[in-house]
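The primary structure of each chain is shown beneath.
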Amino acid sequence: MSSQIGTVAQPLRVAIIGSGPAGFYAAEHLLKQHDVVVQVDMFDRLPTPFGLVRAGVAPDHQKIKSVTRAFERVAEQPGFRFFGYVEIGKDISVAELRQFYHQIVYATGAQTDRALDIPGIDLAGSHAATEFVAWYNGHPDYRDCEFDLSQERAVVIGIGNVAVDVARILCSTPEELAKTDIATYALEALQQSKVREVVMVGRRGVAQAAYSAPEIKELGELAETAVYVHPDEVTLDPLSAAALEEADRSTKRMVEITQGYAGNTTDKPRKLTIRFLLSPTELWGDESGQVTGMRLVRNELVAGRNGRLGANPTDQFEEIETGLVFRSIGYRGVPMPGVPFREDWGVIWNEHGRVVDAETHQPVIGEYTTGWIKRGPSGIIGTNKPDAVETVSLMLEDMQAGQIQQPDCPEPADAEAFIRQRQPNYFSYQDWQTLDRLEQEAGAALGRPRVKFTTIEEMLAAREEAAAQSPLTPA
Ligand code: NAP
């Protein structure tokens, strides 16, 4: 019977959990098959799609966000449905979902931060960068976070692209921010910010920095911020110099740009210093529990495994006074109830995208994963495309081999009725298009790309109001 699946009479029914780039690239590849008819139902716990493109990519990086145009074209295809504001694992369990689909794809990304286990890390004023990012991007779960921007100096731990985003947002002027789609409350808070100095701290050297060349160059283009590095910290040691000889052009360029900041004599109202070869060992605070400073150990580079240079602590320490700390040392995936999870890597147990049992490593029939929850939080948005293609190729191979689930209720209407029963307020793609239009209209009035809705209540009310104004549009 399964041999007929993938035909007009019996389309392959796929649920994709998560509507970020990973989920959309998987949907795109599934829906563009010529000889297999596929129907995709995409779920997101938020009413709004696009995952980290909306809630992670920096608000001043609108060009990167324009990738959503490609996702919009996927959503326009007849086999595609969006169910926003439906949380799999809460509103609907994975076991329940299996009744409706031949295949399920987990594309839930990395929803939390990697832990930094040092004394004082939980003091007030010490935050995960992921929370700050979600806050300034208007993620409903983070809009009520509070950051003490009355501090003069902030320290960002880590030197990846997220750390650069955080530093850049902290160093941007109100005028620079006002042109973006940053959440309005964040714009207002940052307009009052007293932060005048940001220090980024990398545990290894300049040649091992995780940020990329365009991002580090952009820091030097900020209107009111001068970027500095310590000349001795960006002078290459013999191991790094040898490694850089073999590195690609973009790494060489990244190092060159960073080293170029060594001679910076510009004086601007704000200062951003990038430090290298330092690891925080402890934060301390005042009697109210507010962070006031940080102790760091100087590292030296040593040859590690797989040709990677590692950071070894020396006996030299230094201290930095600060009341605001952001740890930006990477994202981490969270488990989905009922799905095998690899705790040590923070990913779903899988082999090239096929979910496998944690003990036996045998494939879990009909279950797949893609994106950061499959491979860990690395790469740029486009990296998720080949990743999704790999997963979808295995899905199609398994379908041909009859290795799919046999759902009791494969009719699209059955799935919709069940979803509606569990979440009567779910958001369709058309509902999202209404929110999108309203956000862009509000933005246009202010010369901004959009003004985001940042609470579920606002989104529900906006949909209701729009439906009342155009009664022909189904709510
Ligand atoms: P990331 O690129 O993995 O960088 C993490 C940083 O944290 C590295 O500098 C790492 O140093 C450091 N780190 C890790 N553990 C540490 C520890 N225990 N103590 C001190 N430092 C530690 O992660 P990310 O910045 O969160 O970015 C995630 C992904 O999104 C990346 O692929 C990034 O390129 C991408 N992204 C891209 C853009 C863009 O294209 N504009 C923007 C944002 C994010 P080591 O190298 O020594 O481990």
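For the structure, see preceding data.
These numbers come from a predicted model, not from an experiment. (Residues numbered from 1 in each chain as written. Predicted model: local features only at pLDDT ≥ 70, side-chain atom pairs only at ≥ 80, totals over all residues. Heavy atoms only, no water.)

Structural notes on the nonpolar core
- Leu-170, Met-200, Tyr-211, Leu-219, Ile-274, Phe-276 and Phe-326 are the most contacted members of the largest nonpolar core, which has 54 residues in total.
- Ranked by the residues each element gives to this core, the list is headed by helix 7 (residues 161-171), at 7 residues.
- Those residues within four positions of Tyr-211 in sequence are excluded, and the remaining contacts are Ile-159, Gly-160, Asn-161, Val-164, Met-200, Ile-216, Met-254, Thr-258, Ile-274 and Phe-276. (Core = buried A, V, L, I, M, F, W, Y, C linked by side-chain atoms within 4.5 Å. Buried < 20%, exposed > 50% of the residue type's maximum accessible area, 1.4 Å probe, protein only. Helix = DSSP H or I, 4+ residues; strand = E, 2+ residues; numbered from the N terminus. Contact = heavy atoms within 4.5 Å.)

Structural notes on the side chain of Asp-387
- Its place among the elements puts Asp-387 in helix 14 (residues 384-400).
- Using a relative accessible area of 8% as the deciding quantity, one classes Asp-387 as buried.
- Beyond its immediate stretch of four places on either side in the chain, Asp-387 contacts Thr-370, Gly-371, Lys-374 and Arg-375.

Some thoughts on the sheet that holds strand 7 (residues 153-157)
- Pairing is parallel in the open sheet, where 6 strands are placed in the order 6-14-7-8-10-9. If you trace the sheet from one side to the other, it starts and ends with strand 6 (126-128) and strand 9 (225-229), each paired once. On average, each strand axis in the sheet is tilted by 20° relative to the strand beside it, whichever way the strands run.
- Where strand 7 lies against strand 14 (residues 324-327), 4 bridges are found, and the strand directions are parallel. Bridge pairing in strand 14 places Val-155 opposite Val-325.
- Its contacts with the sheet place helix 6 (residues 129-136) against strand 6 and strand 14, and it is angled at close to 75° to strand 6. (Pairing = 2+ DSSP bridges. Axes fitted to C-alpha atoms, helices over the stretch in contact; angles between N-to-C directions.)

Looking at the environment of Glu-246
- Along the polypeptide, Glu-246 turns up in helix 11 (residues 238-246).
- As a C-alpha pair, Glu-246 and Leu-283 span 37 residues in sequence and 37 Å in three-dimensional space.

As for the sheet that holds strand 4 (residues 103-106)
- Strand order in the open sheet formed by 7 strands is 3-2-1-4-20-19-18, with mixed pairing between adjacent strands. Each end of this open sheet is capped by a strand with a single partner; those strands are strand 3 (80-84) and strand 18 (350-351).
- Two elements, strand 18 and strand 19 (residues 354-356), share 2 bridges in a ladder whose sense is antiparallel. Each residue of the ladder has a partner; that of Glu-351, found in strand 19, is Arg-354.
- Contacting strand 1 (12-17), strand 2 (38-44) and strand 3, helix 1 (residues 21-31) runs over the sheet at an angle of about 170° to strand 2.

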